[in-house]
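Single-letter residue listing:
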Amino acid sequence: MKRLFLLTIFIDTLTMTSSFGQTQIIEGRTRVIDGDTLKIEKSRIRLHGIDAPENKQLCKDKKSSHWLCGQAATKALRKKINNRVVECLSEKKDRYKRYIAICSVDGVNLNRWLVLNGWAIAYRKYSKDYIEAEIAAKSIETGIWAGEFILPWEWRRGKRLKQ
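Residues numbered from 1 in each chain as written. Predicted model: local features only at pLDDT ≥ 70, side-chain atom pairs only at ≥ 80, totals over all residues. Heavy atoms only, no water.

Trainee: Looking at this structure, how should I read helix α4 (residues 131-139)?
Mentor: For an α-helix the count is 3.6 residues per turn, leaving residues at separations of three or four pointing the same way. Inspection of α4 places Ile131, Ala133, Glu134 and Ala137 among the buried residues, and these make up the whole buried set. The arc that holds the buried residues of α4, viewed along the axis, is 155°, so those residues lie on one side. The exposed set on the far side of α4, more than 90 degrees from its buried face, consists of Glu132, Ile135 and Ser139. Tucked into the core, α4 has its buried residues touching α3 (110-116) and β13 (121-122). (Buried < 20%, exposed > 50% of the residue type's maximum accessible area, 1.4 Å probe, protein only. Helix = DSSP H or I, 4+ residues; strand = E, 2+ residues; numbered from the N terminus. Arc of directions from axis to C-beta. Contact = heavy atoms within 4.5 Å.)

Trainee: Looking at this structure, I do not really get the pairing of strand β6 (residues 43-47). What am I missing?
Mentor: Looking along a regular strand, one sees side chains alternate from face to face of the sheet. Of all five residues in β6, four are buried, a share of seventy percent or more. For strand β5 (residues 37-40) and β6, the ladder comprises four bridges, and the chain directions are antiparallel. Among the inter-strand pairings, Lys39 is bridged to a residue of β6, identified as Arg44. Where β5 folds back onto β6 in an antiparallel hairpin, the turn is made up of two residues, including Glu41, whose phi is positive at roughly 55°. Note: β6 against strand β11 (residues 99-105), three bridges, orientation parallel. Bridge assignment links Arg46 to a residue of β11, and that residue is Ile100. (Pairing = 2+ DSSP bridges.)

Trainee: Even after reading the chapter, I still don't get the packing of aromatic side chains, so can you show me in this structure?
Mentor: Aromatic ring pairs are defined here through the distance separating the ring centres and the angle between the ring planes. In this structure the tally under the stated criterion is four aromatic pairs. Between the aromatic rings of Tyr123 and Trp153, the centroid separation amounts to 5.1 Å while the plane-to-plane angle is 5°, which identifies the pairing as stacked. Of the two residues, Tyr123 is situated in the loop between β13 and α4 and Trp153 in helix α5 (residues 152-156); the sequence distance between them amounts to 30 residues. With a centroid separation of 4.9 Å and an interplanar angle of 85°, the aromatic rings of Trp145 and Phe149 are classed as edge-to-face. What makes Trp145 buried here is its relative accessible area of 15%. Site record: aromatic cluster; members linked through ring pairs are Tyr123, Tyr126 and Trp153. (Phe/Tyr/Trp six-rings, centres within 6.5 Å; stacked < 30°, edge-to-face > 60°.)

Trainee: Looking at this structure, I do not really get the nonpolar core. What am I missing?
Mentor: Across soluble globular proteins, nonpolar side chains have a tendency to be buried as a group. One finds Leu38, Ile45, Leu77, Val86, Cys88, Cys103 and Leu114 to be the most contacted residues of the largest nonpolar core, which totals 28 residues. Mapped onto this core, the elements with two or more residues apiece are β5, β6, α2 (69-81), β10 (86-93), β11, α3 and α4. The residues touching Cys103, leaving out its near neighbours within four places in the chain, are Leu38, Ile45, Leu47, Val86, Glu87, Cys88, Val108, Asn109, Leu110 and Asn111. Counting residues in each nonpolar core, the second largest holds seven residues, with Cys59, Ala137, Ile144 and Phe149 among its members. (Core = buried A, V, L, I, M, F, W, Y, C linked by side-chain atoms within 4.5 Å.)

Trainee: So what exactly am I meant to see when it comes to the state of the cysteines here?
Mentor: By definition, a disulfide links two cysteine residues through a covalent bond between their sulfur atoms. Counted under the stated rule, the structure contains two disulfides. One disulfide in the model links Cys59 with Cys69; its S-S distance is 2.0 Å. When the S-S torsion is 65°, as for the bridge of Cys59 with Cys69, the disulfide is right-handed. Of this pair, Cys59 sits in strand β8 (residues 59-60) while Cys69 sits in helix α2, and the two are 10 residues apart along the sequence. For the pair shown, Cys59 and Cys69 are each scored as buried. Regarding the disulfides, the protein chain carries the connectivity 1-2, 3-4 under sequence-order numbering of its bonded cysteines. (Disulfide = S-S within 2.5 Å.)

Trainee: Looking at this structure, how should I read the side chain of Asp94?
Mentor: With respect to the secondary-structure elements, Asp94 resides in the loop between β10 and β11. Polar contacts involving the side chain of Asp94 include one to the main-chain amide nitrogen of Tyr96, which spans 2.9 Å. Of note is the side chain of Asp94, whose polar atom sits 2.6 Å from the side chain of Arg98. Leave out the neighbours within four places in its chain, and Asp94 touches Arg46 and Ile100. (Polar contact = N/O pair within 3.5 Å; in protein donor to acceptor, adjacent residues only side chain to side chain.)

Take a look at the structure:
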């Protein structure tokens, strides 16, 4: 029994270590930069597996009225965090030296919450983790799914909604 317990601890330790190195835990009071980027003290954090509209990005609602969906995503994330301590788990950094992380507040996975509430989409280029949450958000037409929008990575490349 003791060997099984030790083996379990060993396996758990191995799963917390990836080819990128050990898992970093970053936690504290958080500044929301945008719908998928946080800052805890001096650490910039990009939320793993999701992509939110950019702060200046416009979407259309069901009546074809434009609205600042990127700013709405940022505001929703700020409201969800509500000055509480955020805990992020990261195994690597991106080319901009941001931690790529799964973050939570009071046990709620913020990455998943953003996608499930229509404030971000599953970033399939990097992960398949949030596809089901995206399908659920799209099916109930919540957040950006309530109207028309440009995928964030296409918007960053210059694509815009037609007036």
